[in-house]
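Below, each chain spelled out in residue letters.
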Amino acid sequence: MSLRRRKKDLTFWEKIYIPEIVKGLALTLKTMFKPKYTVEYPEVKFIPPASYRGRPVLVMEENGKERCVACGLCSRVCPPLAIFVQAAETPDEKERYPVKFEINMIRCIFCGFCEDVCPEEAIVMSKDYELAFSSREEAIYGKDKLLTPIKQVQDRINFLRQYK
Amino acid sequence: MEKLTKDDIHPKILEALMRTESRYTVEDALENEMILNMGPQHPATHGVLRLLLRLDGETIVACVPELGYLHRGYEKMAENMSFYEFIPHTDRLDYLAPLSNNVAWVLAVEKLTGIEAPPRAQYIRMLICELSRIASHLVAIGAFAMDVGAMTVLLWTFREREKILDIWDILCGARFTNTYTRVGGVANDIQPEALAKVNWFIDQFDDNLKECEQLLNKNRIFIERLDGVGIVSAKDAIDLGLTGPTLRGSGVEYDLRRAKPYLFYNEMDFNVITYKEGDCLARYFVRIDEARESAKMVRQILSKMPQGEVRLNSAKKVLPNKAEVYTKMEELIQDFMIVNFGINPPAGEIYSAIENPKGELGFYIVSKGEGHPWKCKIRSPSFCNCQGLPLMMKGHMVSDVVAIVGSIDPVMGEADK
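Residues numbered from 1 in each chain as written. Chains lettered and ligands numbered in written order. Predicted model: local features only at pLDDT ≥ 70, side-chain atom pairs only at ≥ 80, totals over all residues. Heavy atoms only, no water.

(A) Up close: the interface of chain A and chain B. Taken together, the 43 residues of chain A in the interface contact 63 residues of chain B. Counting across the interface, chain A meets chain B through three salt bridges. A salt bridge links Asp-116 of chain A to Arg-182 of chain B; the nearest nitrogen and oxygen atoms lie 2.8 Å apart. Taken together, the links from chain A to chain B amount to 14 residue pairs in polar contact (both at pLDDT 80 or more). With six residues, helix H2 (residues 18-31) of chain A is the largest single contributor of residues to the side of chain A that touches chain B. Grouping the amino acids of the side of chain A that touches chain B by side-chain chemistry returns 22 nonpolar, five polar and 16 charged. (Contact = heavy atoms within 4.5 Å. Salt bridge = Lys/Arg side-chain N within 4 Å of Asp/Glu carboxyl O. Polar contact = N/O pair within 3.5 Å; in protein donor to acceptor, adjacent residues only side chain to side chain. Helix = DSSP H or I, 4+ residues; strand = E, 2+ residues; numbered from the N terminus. Nonpolar A, V, L, I, M, F, W, Y, C, P; charged D, E, K, R; others polar.)

Dropping the structure here:
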């Protein structure tokens with residue numbers, strides 16, 4: 001443990017302060033030659049790890065259809081109530097599908113609970129983190145924006161299978 | 001500049017300010033004594049803390065902190081959502097150590113429900129608690145140094161904290177609002193990359209902290225501004241209900257990790273840091289030493305971490321394993337039941353507290369056997385520590401206000417709930 005000093009413990013040289021300024025400047029000067037810890041963001045992109053919780057997306061199967069069966073569990077668990085699901089029937093094997101699936105990206109807090117409870121592995125968090133809107137309407141993402149080919153989110157699905 | 005009138009101050013605050021006899025009148029502010037309004041939009045009050053100071057010249061006669069500018073009603077919100085859904089909201093209490101709050105909340109719910117997480121999950125919780133303590137103390141030290149005029153330290157401690165945030169990025173998938181713990185365990189197992197990063201961080205942390213210390217410990221300006229400023233005696237600290245570094249800086253050896261061990265803290269070897277002076281400098285020393293102790297503890301946790309499950313397998317209480325939800329009917333039903341109706345703990349009430357970086361963070365939950373708490377009370381350390389401000393301020397100068405506020409390190413998200 002280093003020495004804990006109070007006012008009375010200061011030596012004469014520390015009290016006159018000038019040598020201490022020089023020492024401090026030397027220390028700060030030294031860090032100029034250390035490797036930089038910052039990233040120059042727009043030029044250098046941050047590549048998130050597989051565990052990253054970015055924008056939630058719907059998984060699209062190879063046949064171009066969504067996995068979601070519109071059970072509504074994600075919209076039930078969503079803490080900020082950002083998800084809206086409207087179900088309908090389909091002649092396919094899974095019987096139900098979402099006619100409307102909307103996530104309000106202004107409300108979303110990226111907690112990952114929708115993915116946590118989904119019984120079909122149909123909604124997962126992508127690595128997408130650059131979200132900007134110019135109006136509130138634009139921020140409501142419908143199925144057209146949410147559906148993502150399974151290949152793009154394979155990374156995340158592998159992570160979920162391994163660690164969750 | 002507009003003059004402060006009687007209408008700008010709540011009558012109760014005015015009464016508290018004026019309790020001592022004086023010749024003061026509000027309209028005639030500069031005549032004898034004056035009232036200075038500091039905050040809520042003041043860069044040195046660590047958020048939206050408003051301080052009303054009654055000044056005689058430059059000496060503070062009385063000080064009344066006014067809280068509530070960041071009140072979001074989390075205690076009320078908790079009554080309207082399930083125990084599970086409240087986890088992300090705890091992130092936003094003490095936003096400098098969100099994982100500590102996550103752990104505190106799930107420990108309270110587990111105590112209420114009567115379940116216990118598997119050992120590996122508990123070790124992971126301990127690991128994240130200690131790392132978030134380091135992160136929080138680093139911000140506290142940096143911001144404190146900046147409050148009294150040393151800018152460089154802030155940049156260096158933020159660089160160190162950035163490394164911890166990078167660990168969260170790999171471990172939880174988010175840097176700031178982590179939402180990592182779950183009732184009965186943690187969200188996901190700790191990855192080898194995250195462990196490697198923790199190891200790397202701990203190895204280089206000591207040297208980097210020493211560098212920050214070198215800038216401050218022999219610095220005459222820093223010491224003279226803090227030595228003997230904002231003294232709280234041990235008795236006053238206990239009477240006011242102060243906890244955390246503020247209490248231990250006054251020489252009271254009280255740390256919940258030692259006093260009432262939760263998780264596996266009884267197996268850990270660590271010292272409870274105390275300094276007996278009780279001034280701002282002592283609180284700074286406590287934080288620096290505690291960060292070192294936490295780093296020491298992280299090493300122990302890493303070496304002791306057992307293998308195994310990270311989430312309890314308990315129907316009706318804990319969300320089932322994902323792989324089983326996909327394939328088995330029972331677990332699928334369980335998944336739906338827990339999300340729709342909650343975990344329904346037995347009726348009763350509990351109080352569970354952990355040692356947050358700021359002090360004792362407790363959750364008092366009353367359950368009527370439903371999926372949501374009937375009442376939830378948050379005992380937040382920053383709120384209680386702010387009660388010490390009037391006592392610490394009395395008799396000091398206006399310029400000491402920022403030092404004193406910085407030394408108790410309040411986070412307004414937590415103080416206002």
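(B) Here's a closer look at the confidence of the model for chain B. Across chain B, the average pLDDT comes to 85, with 95% of residues at 70 or higher. The ipTM for the predicted assembly is 0.85, set against a pTM of 0.87. (pLDDT = per-residue confidence, 0-100.)

(C) Region of the structure containing H2 of chain A. All names here are of chain A. With 14 residues, H2 extends 21 Å from end C-alpha to end C-alpha; this agrees with the ideal 20 Å at 1.5 Å per step. All of the buried residues in H2 are Glu-20, Gly-24, Leu-27 and Thr-31. Summarising the axial view, the buried residues of H2 lie within an arc of 60°, below the 170-degree limit, and thus occupy one face. In H2, the exposed positions that point more than 90 degrees away from the buried face belong to Ile-18, Val-22 and Leu-25. (Expected span 1.5 Å × (residues − 1). Buried < 20%, exposed > 50% of the residue type's maximum accessible area, 1.4 Å probe, protein only. Arc of directions from axis to C-beta.)

(D) Looking closely at the environment of Ala-295 of chain B. Residues and elements named next belong to chain B. Structurally, the position occupied by Ala-295 is in helix H12 (residues 280-304). With 283 residues separating them along the chain, Ala-295 and Lys-12 place their C-alpha atoms 45 Å apart. When residues no more than four places from it in sequence are discounted, the contact partners of Ala-295 are Ile-134, Ile-202 and Phe-205.

(E) The arrangement of the nonpolar core in detail. Counting residues in hydrophobic clusters, the biggest one holds 132 residues, and the most contacted among them are Leu-51, Trp-105, Trp-168 and Phe-363 of chain B. If sequence neighbours within four positions are ignored, Phe-363 of chain B has contacts with Thr-90, Leu-93, Asn-101, Ala-104, Trp-105, Ala-108, Ile-350, Tyr-351, Ser-352, Cys-376, Lys-377 and Ile-378 of chain B. Within the second largest apolar cluster, 19 residues are counted, among which are Ala-70, Cys-74, Cys-114 and Leu-146 of chain A. (Core = buried A, V, L, I, M, F, W, Y, C linked by side-chain atoms within 4.5 Å.)

(F) Quick look at a nonpolar patch on the surface. Residues and elements named next belong to chain B. On the surface, Met-329, Ile-333, Met-337 and Phe-341 cluster together to form a nonpolar patch covering roughly 440 Å² of accessible area. Residue position: Met-329 is located in helix H14 (residues 329-341). For Met-329, a relative accessible area of 57% translates into the label exposed. (Patch = residues over 30% accessible without salt bridge, like charges linked within 9 Å, V, L, I, M, F, W, Y side chains within 5 Å. Areas by Shrake-Rupley, 256 points an atom, 1.4 Å probe, with all protein chains shown as cover.)

(G) A look at the pairing of strand S6 (residues 348-356) of chain B. Residues and elements named next belong to chain B. For S6 and strand S7 (residues 359-367), the ladder comprises nine bridges, and the chain directions are antiparallel. Paired with Tyr-351 across the bridge in S7 is Tyr-364. Hairpin connection, S6 to S7: the antiparallel pair is bridged by two residues. (Pairing = 2+ DSSP bridges.)

(H) Geometry of the packing of helix H4 (residues 98-113) of chain B against helix H5 (residues 119-147) of chain B. Residue and element names in this part refer to chain B. For the pair H4 and H5, interaxial distance at closest approach is 8 Å and the crossing angle is 140°. The orientation of H4 with respect to H5, classified from their angle, is oblique. Considering how the two elements wind past one another, H4 and H5 form a crossing that is left-handed. On the side of H4, the interface is formed by Leu-99, Ser-100, Val-103, Val-106, Leu-107 and Glu-110, while H5 contributes Arg-125, Ile-128, Cys-129 and Ser-132. Partitioned by chemical class, the residues of the contact of H4 with H5 number six nonpolar, two polar and two charged. (Axes fitted to C-alpha atoms, helices over the stretch in contact; angles between N-to-C directions. Parallel < 35°, antiparallel > 145°, perpendicular 65-115°, else oblique. Left-handed = near helix turned anticlockwise from the far one by under 90°.)

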